[in-house]
Amino acid sequence: MSYLTQKTIKNNISFNGISLHSGLDVNVCIKPASPNNGIVFKRVDLKSNNLVYPNFMNVTNTSLNTTIENEFGVKVSTIEHLMCALFGMGIDNAVIEIDNEEVPILDGSAKVFIEKIISAGIEISDSPIKIIKINKEVNYSDGDRYINIKPSTLSLDIDFELKYKNPIIGNQRNSFKIYEDDLSEVYNSRTFCLFEDIELIKKNGLAKGGSLDNAVVVKDKEILNQEGLRNKKEFVNHKILDCIGDLYTCGYRMIASIQCSQGGHYLTNQLLRKVFENKENFSIVEIKEKNLPHTLINRNFLRSIA
């Protein structure tokens, strides 16, 4: 049985919860899908034109979440944590039925999604996976904030830094080899905000479902969540979680080296748009074991995309 072939879930995954920004109670059912189907969201509260594809060209909003929209104006928002979990568990194909506009926030991380995928089991097909290989360096910047992507040999490396004036968050930096390292601290890291920003966020009609159950809130030199942080670098690790989920809107896993400073959903989306506007920047490689370089077939890589 090859680990380098496309995967879906074995059994349906059902859950419900409050959505972070709309504050509504939402039901989700993730269903298995056949090879080459990809990931697709289906708004089951609508009878027609209800399929929305999580593609970077369909991203219409990046303010505090990633929102995708089809040509009929049908949206699904806050997809990034679920997309990270699907990426991390190697799920290539799935139909995500949802009865409202926003994916539930659950605990504010990808932890519950990961656990549910593991409990559902993974179905491995005979169809080979495809991987995007970055061929040329591409940069995108917005003032002091920047993100760049470079060719890599056989891995996806993400190096991310945060710069906050708040003394608790401060300057944090972390890096991971996504296909080799243990990402449990990334998956477990929750979304966060500054206490002084909450009023403005709510005035803008967002975070209606936000609470200390689904976000880390920092006030001056204090973390308001009673349990504190889950790991020392939870703030930057959550940004890496978001970055992985947003990268998966390119449709495939990727071989590349990414460095980002003070980025977020907007920078990652703009980078993807810039990469894919020029065919010289990338190649789409169909991975088959018989044509793989020997160095790619190692336990770490196989485990990570299994």
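Residues numbered from 1 in each chain as written. Predicted model: local features only at pLDDT ≥ 70, side-chain atom pairs only at ≥ 80, totals over all residues. Heavy atoms only, no water.

Engineer: Honestly, empty space enclosed by the protein in this entry has me stumped. Any pointers?
Structural biologist: Gaps between atoms show up when a probe of the same size as a water molecule is rolled over them. In the structure shown here, the tally under the stated rule is one cavity of 30 Å³ or more. Its volume calculated, the largest cavity comes out at about 40 Å³. Along its surface, the largest cavity is lined by V59, T66, D246, T249, H265, T268, N269 and L272. No other element matches the four residues that helix 6 (residues 265-276) contributes to the lining of the largest cavity. A class-by-class count of the residues in the lining of the largest cavity yields two nonpolar, five polar and one charged. (1 Å grid on protein atoms, 1.4 Å probe; cavity = no way out; pocket = protein on both sides within 12 Å on 5 of 7 lines; lining within 4 Å. Points joined across faces, edges and corners; volume = space filled by probe spheres on them. Helix = DSSP H or I, 4+ residues; strand = E, 2+ residues; numbered from the N terminus. Nonpolar A, V, L, I, M, F, W, Y, C, P; charged D, E, K, R; others polar.)

Engineer: Where do I start with the packing of aromatic side chains in this structure?
Structural biologist: Geometrically, a pair of aromatic rings is defined through the distance of the ring centres and the angle of the planes. Taken as a whole and judged by the stated rule, the model has eight aromatic pairs. Each ring, one from F87 and one from Y179, has its centre 6.3 Å from the other, and the planes form 10°; the classification is stacked. With a gap of 92 residues between them, F87 in helix 1 (residues 80-88) and Y179 in the loop between strand 15 (171-177) and helix 3 (184-187) connect regions that are remote in the sequence. On the accessibility criterion, Y179 (2% relative accessible area) is buried. Site record: aromatic cluster; members linked through ring pairs are F56, F276 and F282. Geometry around F195 places K219 over its ring, the cationic atom sitting 4.5 Å from the centre. Above the face of the F87 ring, R253 is positioned so that its terminal group lies 5.9 Å from the ring centre. (Phe/Tyr/Trp six-rings, centres within 6.5 Å; stacked < 30°, edge-to-face > 60°. Buried < 20%, exposed > 50% of the residue type's maximum accessible area, 1.4 Å probe, protein only. Lys NZ or Arg CZ within 6 Å of the ring centre and 35° of its normal.)

Engineer: What am I meant to see in the sheet that holds strand 7 (residues 67-69) here?
Structural biologist: Strand order in the open sheet made by the three strands is 6-7-8, with antiparallel pairing throughout. Two strands close off the open sheet at either side, each with one partner strand: strand 6 (59-61) and strand 8 (75-76). The sheet contact formed by strand 6 and strand 7 spans two bridges and is antiparallel. By the bridge assignment for strand 7, N61 is matched with T67. (Pairing = 2+ DSSP bridges.)

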